[in-house]
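This is what each chain is made of:
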Amino acid sequence: MADLSADTFFATIPELNARLVAKEISAEELARAFSNRLEQLGPRYNALALPFPQQAIRRAKLVDAEIKRGRLRGPLQGIPYGAKDLLSVAGQVTTWGAQPYRAQVFDYTATVLEKLDGVGAVLTGKLSMVELAGGGGYRLASASLFGPGLNPWDRSRWSGGSSSGSATAVAAGLVPFALGSETSGSIITPASYCGVTGLRPTYGLVSRHGAMALSWTLDKIGPLAHTAEDCGLILQMIAGKDSNDPGSAGKSFYYTPQYARPMKELKIGYAPIDFTDRADASARPAFAAALAALKETGVQLIETKLPDFPYGPALSAIIGAEEASIFEPLIASGRVNELADPSQIAGLKASVDVAAKDYLKAMRLRRLMQEAFQRLFSEVDALVTTGRSGPATPVNQPLDATSSVPGGFDSIIPAGNLAGLPAVAFPCGFADNLPVALQVVGPAFSENTILAIAREFQSHTDWHKRRPPAA
Amino acid sequence: MKITRRRLAAALAAPAFAGTMPSAAAAQTTAGPSDPLEAAKARIKANSDALAKEEVPMSTEPAFQFKA
């Protein structure tokens with residue numbers, strides 16, 4: 001039996017891959033160790049939806065046989081991972097984090113999971129999430145079939161949502177990487193709160209076939225992992241055309257850090273107020289140090305403004321109209337009342353009132369937003385701001401109890417999602433003994449650029465290597 | 001710090017959706033009707049009012065098949 005020390009549970013994908021290829025460890029040993037850890041510690045954080053220990057070990061044995069034959073399938077071969085419970089696995093329960101769907105079973109597997117299986121990654125379990133990805137507008141961290149997502153750095157704090165279990169499981173070393181999804185903030189927020197690296201891909205780059213739909217025109221699937229490099233390696237495997245996803249862009253992605261432009265050539269737009277007045281007071285020293293570290297990479301920081309649009313109302317109209325149609329049977333049947341969060345129930349019921357003219361206006365504005373961002377990205381290569389304005393909120397505090405100062409890039413999450421832009425969040429320091437993060441947003445299909453910026457930052461800092469105390 | 005009228009109107013109307021953390025602005029709107037359903041309907045009305053103020057050229061068609 002190989003030595004699976006604590007370091008193994010926090011190793012990066014290239015580190016684990018090197019040990020697998022060198023036959024220092026086997027895929028079966030990794031699957032057993034990570035499965036045990038996920039089952040033992042997952043419930044501690046309300047992170048586990050459904051474990052797959054037997055299936056994982058069976059799959060890992062096949063991977064070991066392939067490696068033994070010299071059939072190498074790339075860096076994810078033999079690497080355990082978890083998936084947000086909105087991704088279907090044929091024959092297994094997929095709850096979408098919601099009571100009305102607690103016994104739901106599909107007869108097909110999500111494309112992204114098929115792709116990962118094809119390169120030898122080993123699914124060890126499905127991970128918790130905010131019910132229905134929070135589409136109705138939730139107010140409480142407890143808005144989940146699995147209970148509130150508890151932060152591995154401090155269980156009295158929220159893990160963030162809606163990809164709660166995905167971020168928690170990576171942060172606590174329960175899986176080397178996980179898949180999450182974002183409609184508006186659901187990867188960036190939990191990645192920021194849990195101190196992991198999360199990538200929201202460009203809309204259409206990763207297939208959503210087999211994923212719960214919340215908004216057909218906004219939903220994205222993306223990875224959460226320990227490093228930007230890990231996210232790039234995962235994205236390469238899950239991206240690509242899928243005829244089963246009408247929103248598919250038909251593009252592939254190749255992670256090519258070797259071709260990254262020199263940092264000194266990159267112009268990055270930012271709003272200083274994001275790191276001062278708009279940031280929580282406790283987080284300002286960390287953000288100031290992070291900006292200084294970012295400058296040390298050689299990039300040029302240029303003060304910039306976001307295009308001026310009503311992002312929030314447009315986003316709400318689009319999600320509201322699309323979810324009213326998607327969840328029409330749930331709302332009409334009255335089973336919507338089984339959800340955990342009263343605000344979520346009310347939001348879904350009220351969504352049927354979104355007028356067609358408002359949806360169309362929002363979708364027309366979206367074109368103008370895209371054009372405005374294209375103009376902005378002719379002046380800068382990327383934008384940087386905070387992942388969230390401060391550390392994770394207390395788990396028992398209503399999520400609308402915190403105040404924030406308007407201005408700067410305060411609308412970057414709805415704006416970036418409406419324009420379909422990629423973003424990466426990565427840890428950049430601590431406040432109140434909790435991680436805080438930076439967020440870099442780029443033009444559509446600029447994943448290699450934003451990952452290069454995050455990777456360079458991580459080569460200058462060690463925040464991404466920190467581990468939660470209990471883990 | 002300069003805040004445009006459009007930005008202020010947007011902030012007052014926008015609710016929390018899909019993992020976005022409710023902002024202070026959302027807290028202001030939820031401080032209105034105490035009944036969650038009435039509050040949700042009030043947010044939809046506020047969003048509608050905010051969108052109605054936007055002028056969009058007739059030639060700008062909706063992104064029915066949204067592409068990034």
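Residues numbered from 1 in each chain as written. Chains lettered and ligands numbered in written order. Predicted model: local features only at pLDDT ≥ 70, side-chain atom pairs only at ≥ 80, totals over all residues. Heavy atoms only, no water.

Further remarks concern the overall build of chain B. Helices and strands together make up the secondary structure of chain B, namely three helices and zero strands. Put simply, chain B has 68 residues, and 44% of those count as buried. Roughly 3,800 Å² of accessible area belongs to chain B as shown, and the carbon and sulfur atoms make up 57% of that amount. (Helix = DSSP H or I, 4+ residues; strand = E, 2+ residues; numbered from the N terminus. Buried < 20%, exposed > 50% of the residue type's maximum accessible area, 1.4 Å probe, protein only. Areas by Shrake-Rupley, 256 points an atom, 1.4 Å probe, with all protein chains shown as cover.)

This part is about the overall build of chain A. For chain A, the count of helices and strands is 15 helices and 13 strands. A compact globule built from 471 residues would reach a C-alpha radius of gyration of about 23 Å, and chain A, at 21 Å, matches this within 12%. When the backbone C-alpha atoms are referred to their principal axes, chain A occupies close to 60 × 55 × 45 Å. When each of the 471 residues of chain A is scored for burial, the buried share is 66%. For chain A, the exposed surface amounts to about 15,500 Å²; the carbon and sulfur share of it is 49%. Side-chain charges in chain A split into 44 positive and 44 negative, and the spacing between the mean points of these groups amounts to 3 Å. (Rg over C-alpha atoms; globule rule 2.2 N^0.38 Å. Lys, Arg positive; Asp, Glu negative; His and termini not counted. Charge placed at Lys NZ, Arg CZ, Asp CG, Glu CD.)

When glycine is set aside, most residues are seen to have a negative phi, and most peptide bonds are trans. All names here are of chain A. Residue Gly161 is joined to Ser162 through a cis peptide bond whose omega torsion reads 10 degrees. As for its position among the elements, Ser162 is in the loop between β5 (154–158) and α6 (164–171). With phi around 55 degrees, Asn46 is a residue other than glycine that occupies positive phi space. If you trace the backbone, Asn46 turns up in the loop between α3 (27–41) and β1 (48–51). Its identity as a non-glycine residue notwithstanding, Ala133 has a phi of 55 degrees, on the positive side. Looking at the element boundaries, Ala133 is found in the loop between β3 (122–127) and β4 (150–151).

Any two side chains of opposite charge can pair, on the condition that their charged atoms come close. Residues and elements named next belong to chain A. Here the structure, examined in full by the defined rule, presents 17 salt bridges over all chains. Between Glu182 and Arg200 there is a salt bridge, with its nearest N and O atoms 2.9 Å apart. Of this pair, Glu182 sits in strand β6 (residues 177–182) while Arg200 sits in strand β7 (residues 197–200), and the two are 18 residues apart along the sequence. In this pair, the class of Glu182 matches that of Arg200, namely buried. Residue Asp358 is joined to Lys357 by a salt bridge in which the shortest nitrogen-to-oxygen separation is 3.1 Å. Residue Lys357 is classed as exposed on the basis of its relative accessible area of 54%. By sharing partners, the salt bridges in this structure join Arg102, Arg335 and Glu338 into a single network. (Salt bridge = Lys/Arg side-chain N within 4 Å of Asp/Glu carboxyl O.)

Right, let's get into the nonpolar core. Within the largest apolar cluster, 163 residues are counted, with the highest numbers of intra-cluster contacts made by Leu87, Leu113, Leu132, Phe177, Phe327, Phe373 and Leu383 of chain A. Ala346, Ala350 and Val354 of chain A together with Ala40 of chain B belong to the second-largest nonpolar core, a separate cluster that totals five residues. (Core = buried A, V, L, I, M, F, W, Y, C linked by side-chain atoms within 4.5 Å.)

All names here are of chain A. Among the six residues of β6, six are classified as buried, and the element is accordingly described as predominantly covered. Neither face of β6 is left uncovered, since the one carrying Phe177, Leu179 and Ser181 and the one carrying Ala178, Gly180 and Glu182 both have all their residues buried. Of the pairings in the sheet, the one linking strand β2 (residues 80–84) to β6 comprises three bridges and is parallel in character. Bridge pairing in β6 links Ala83 to Leu179. (Pairing = 2+ DSSP bridges.)

The subject of this paragraph is the packing of aromatic side chains. Residues and elements named next belong to chain A. Tallying each qualifying case throughout the model produces 16 aromatic pairs over all chains. Ring pairs connect the aromatic residues Trp96, Tyr101, Phe106, Tyr108 and Phe327, which therefore count as one cluster. Positioned above the aromatic ring of Phe9, the side-chain terminus of Arg37 is 4.5 Å from the ring centre. A cation over an aromatic ring shows up here: Lys251 above the ring of Phe445, its NZ or CZ 4.9 Å from the ring centre. (Phe/Tyr/Trp six-rings, centres within 6.5 Å; stacked < 30°, edge-to-face > 60°. Lys NZ or Arg CZ within 6 Å of the ring centre and 35° of its normal.)

A separate point is the environment of Ala143 of chain A. Tracing the backbone through its elements, the reader meets Ala143 of chain A in the loop between β3 and β4. Setting aside anything within four residues of it in sequence, one finds Ala143 of chain A in contact with Val130, Glu131, Tyr138, Ala340 and Asp341 of chain A. (Contact = heavy atoms within 4.5 Å.)

The next point concerns the side chain of Ser411 of chain A. Residues and elements named next belong to chain A. Here Ser411 is to be found in the loop between β11 (382–386) and α14 (412–418). Residue class for Ser411 comes out buried when judged on its relative accessible area of 16%. One polar contact links Ser411 to Asp410, side chain to side chain, over a distance of 3.4 Å. (Polar contact = N/O pair within 3.5 Å; in protein donor to acceptor, adjacent residues only side chain to side chain.)

Bringing helix α3 (residues 36–52) of chain B into the picture now. Helix length check: α3 of chain B, at 17 residues, gives a terminal C-alpha distance of 24 Å against a target of 24 Å (1.5 Å per residue), a fit within 8%. For α3 of chain B, every residue scored as buried is listed here: Ala39, Ala40, Arg43, Ile44, Asn47, Ser48, Ala50 and Leu51 of chain B. (Expected span 1.5 Å × (residues − 1).)

Turning to the sheet that holds β6 of chain A, a few remarks are in order. Residue and element names in this part refer to chain A. In spatial order, the strands read β1-β3-β2-β6-β8-β7-β12-β13-β11-β9-β10; together these eleven strands make up an open sheet with mixed pairing. Each having just a single partner strand, β1 and β10 (300–303) make up the two edges of the open sheet. Going across the sheet, the axis of each strand differs from the next one's by a mean of 30 degrees, ignoring polarity. Where β2 and β3 come together, five bridges link them in parallel fashion. When the sheet's bridge partners are listed, Lys84 is paired in β3 with Leu127. Sheet contacts for α3: β1, β2 and β3; angle to β3, the most-contacted strand, approximately 10 degrees. (Axes fitted to C-alpha atoms, helices over the stretch in contact; angles between N-to-C directions.)

Attention now moves to the packing of helix α13 (residues 356–376) of chain A against α3 of chain B. Axis separation between α13 of chain A and α3 of chain B bottoms out at 10 Å; the angle between their running directions is 50 degrees. Comparing their axes, α3 of chain B and α13 of chain A come out oblique. The hand of the α13 of chain A/α3 of chain B crossing is left-handed. Contact with α13 of chain A, carried on its side by Lys357, Asp358, Lys361, Ala362 and Leu365 of chain A, involves Ser48, Leu51 and Ala52 of chain B of α3 of chain B and no other residues of that element. Considered class by class, the residues forming the contact of α13 of chain A with α3 of chain B number four nonpolar, one polar and three charged. (Parallel < 35°, antiparallel > 145°, perpendicular 65-115°, else oblique. Left-handed = near helix turned anticlockwise from the far one by under 90°. Nonpolar A, V, L, I, M, F, W, Y, C, P; charged D, E, K, R; others polar.)

Across the five residues that make up β2 of chain A, a large majority, five, are buried. Chirality of the crossover, the property in question, places the unit of β2 of chain A, helix α5 (residues 111–118) of chain A and β3 of chain A among those that are right-handed. (Right-handed = clockwise from strand over helix to strand, strands pointing away.)

Now for the confidence of the model for chain B. Residues and elements named next belong to chain B. When the pLDDT values of chain B are averaged, the result is 69; 49% of them are 70 or greater. By mean pLDDT, the top-scoring element of chain B is α3 (96), and the lowest-scoring one is helix α2 (residues 24–30) (40). Every residue in residues 8–30 scores below 50 in pLDDT, and together they form 71 contacts with partners more than four places removed in sequence or on other chains. Here the predicted complex carries an ipTM of 0.89, next to a pTM of 0.94. (pLDDT = per-residue confidence, 0-100.)

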